[in-house]
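# A look at the structure
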Amino acid sequence: MKLAVLGDLHISHSAGNVASLRDALQSYYDLFIQIGDFSEDSFDYHNLASLDPEKVKILGGNHEHWPTLLTLPFCLPPFGVLDLNGCKVFWLRGAYSIDSAFRKKGSWWPEWEQLHFAELYEAYLFYMETKPDILIAHEASTEAKKVLNLRGLRLEVSFNIASPTQQTLDKMLEAHRPKLVVNGHWHVASSEKKDGTYFRSLGIGELRTFDTEELMAGRKP
């Protein structure tokens, strides 16, 4: 089966409509996940109304107006798992905004950017229960940051801050190694394999398609 994952978009009022994005989301994907930070300040998702919510999903990042996104049929819950013909895909929303000192409400809401500790612990327990083959998260684990050299435009001091979301991902990977881990948030296109796990970070607007049959067979996805 074909799993497509699209990196951060940060669509704003100035970007106009998202017709070009709609064109990219065609039915030949069995599942399409936009990895979060879909919108920057408009929160206008009506252009996606014609898409199939069974196949096209949006994962919340750290800039989404979560109460709005949560009402839409293509919004993924904060965490969960889907089965693609025997390949289990787990997701986790949210991330820490290291540039929050320069942000104003309208592109960032501190109360919604990450899950609370109790929710993150619940996500960890569910991850342990499901033991997924693929982990998709807006944020990156500490291991992914090091392996993929995820610095981008980030400040050096802030780079070393381990947010609750990052720490949860760390514990997940300590407990169970999925075959593939995909993140957004850092706006860096990079990939590497370590200890049997493929790590993939997506740049802004970067689209990657993964063949789950190839992945389950032990070949590079």
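Our structure's up above, just so we're on the same page.
Basis of the calculations
Residues numbered from 1 in each chain as written. Predicted model: local features only at pLDDT ≥ 70, side-chain atom pairs only at ≥ 80, totals over all residues. Heavy atoms only, no water. Helix = DSSP H or I, 4+ residues; strand = E, 2+ residues; numbered from the N terminus. Buried < 20%, exposed > 50% of the residue type's maximum accessible area, 1.4 Å probe, protein only. Contact = heavy atoms within 4.5 Å. Areas by Shrake-Rupley, 256 points an atom, 1.4 Å probe, with all protein chains shown as cover. Salt bridge = Lys/Arg side-chain N within 4 Å of Asp/Glu carboxyl O. Pairing = 2+ DSSP bridges. Axes fitted to C-alpha atoms, helices over the stretch in contact; angles between N-to-C directions. 1 Å grid on protein atoms, 1.4 Å probe; cavity = no way out; pocket = protein on both sides within 12 Å on 5 of 7 lines; lining within 4 Å. Points joined across faces, edges and corners; volume = space filled by probe spheres on them. Nonpolar A, V, L, I, M, F, W, Y, C, P; charged D, E, K, R; others polar. Expected span 1.5 Å × (residues − 1). Core = buried A, V, L, I, M, F, W, Y, C linked by side-chain atoms within 4.5 Å.

### A short note on the overall build of the chain
Looking only at helices and strands, the chain features seven helices and 10 strands. Within the chain, the fraction of its 221 residues that count as buried is 53%. Once local pairs closer than 6 in sequence are excluded, the contacts in the chain between residues at least 24 apart make up 71%. Taken as a whole, the chain presents about 10000 Å² of accessible surface, with 53% of it coming from carbon and sulfur.

### Here's the deal with the pattern of salt bridges
If charged atoms from side chains of opposite charge come close, those side chains can pair. Within the structure shown, the criterion is met by nine salt bridges. We note a salt bridge from Lys171 to Glu174, for which the minimum N-O separation is 3.6 Å. Here the residue Lys171 and the residue Glu174 both occupy positions in helix 6 (residues 164-175), the gap between them amounting to three residues, near one helical turn. Using a relative accessible area of 46% as the deciding quantity, one classes Lys171 as partly exposed. The partner of Glu206 in a salt bridge is Arg200, and the shortest N-O contact between them spans 3.5 Å.

### Quick look at the sheet that holds strand 6 (residues 134-137)
Read from one edge of the open sheet, six strands run 4-5-6-7-9-8, paired in mixed fashion. Each of the sheet's edge strands pairs with one partner strand only, and the pair in question is strand 4 (79-84) and strand 8 (190-194). Here the strands of the sheet are splayed against their neighbours by 15° on average, with no regard to which way each runs. In this structure, strand 7 (residues 180-183) lies alongside strand 9 (residues 197-201), joined through four bridges in parallel fashion. When the sheet's bridge partners are listed, Leu180 is paired in strand 9 with Tyr198. Strands in contact with helix 6 are strand 5 (87-92), strand 6, strand 7 and strand 9; relative to strand 5, the strand with the most contacts, it is inclined by about 155°.

### What to know about the sheet that holds strand 3 (residues 56-58)
The sheet built from four strands is open, its strands ordered 3-2-1-10 with mixed pairing. Each end of this open sheet is capped by a strand with a single partner; those strands are strand 3 and strand 10 (207-211). When strand polarity is set aside, the average angle formed by the axes of neighbouring strands in this sheet is 20°. Bridge count for strand 1 (residues 2-6) against strand 10 is five bridges, and the pairing is antiparallel. From the neighbouring strand, Leu6 faces strand 10, where its bridge partner is Leu207.

### Re the layout of surface pockets
A volume near 160 Å³ is recorded for the second largest pocket. Taken together, Leu180, Ser191, Glu192, Lys193, Tyr198, Phe199, Arg200, Arg208, Thr209, Phe210, Lys220 and Pro221 form the lining of the second largest pocket. Of the residues in the lining of the second largest pocket, the class split is five nonpolar, two polar and five charged.

### Topic: helix 6
With 12 residues, helix 6 extends 17 Å between its outermost C-alpha atoms, agreeing within 8% with the 16 Å of an ideal straight helix rising 1.5 Å per residue. Residues of helix 6 that are buried include every one of Thr165, Gln166, Thr168, Leu169, Asp170, Met172 and Leu173, and no others. Buried residues along helix 6 sit against strand 5, helix 3 (117-130), strand 6, helix 4 (142-148), strand 7 and strand 9.

### Focus on the nonpolar core
Residues Leu92, Leu135 and Met172 are the most contacted members of the largest nonpolar core, which totals 20 residues. Only strand 5, helix 3, strand 6, helix 4 and helix 6 provide two or more residues apiece to this core. Filtering out sequence-adjacent residues up to four positions away, Leu92 remains in contact with Leu59, Pro78, Phe79, Leu115, Leu120, Ala123, Ile136, Ala137, His138, Thr165, Leu169 and Met172. The next biggest cluster of nonpolar side chains, apart from the first, holds 19 residues, and it includes Leu31, Ile35, Ile136 and Leu215.

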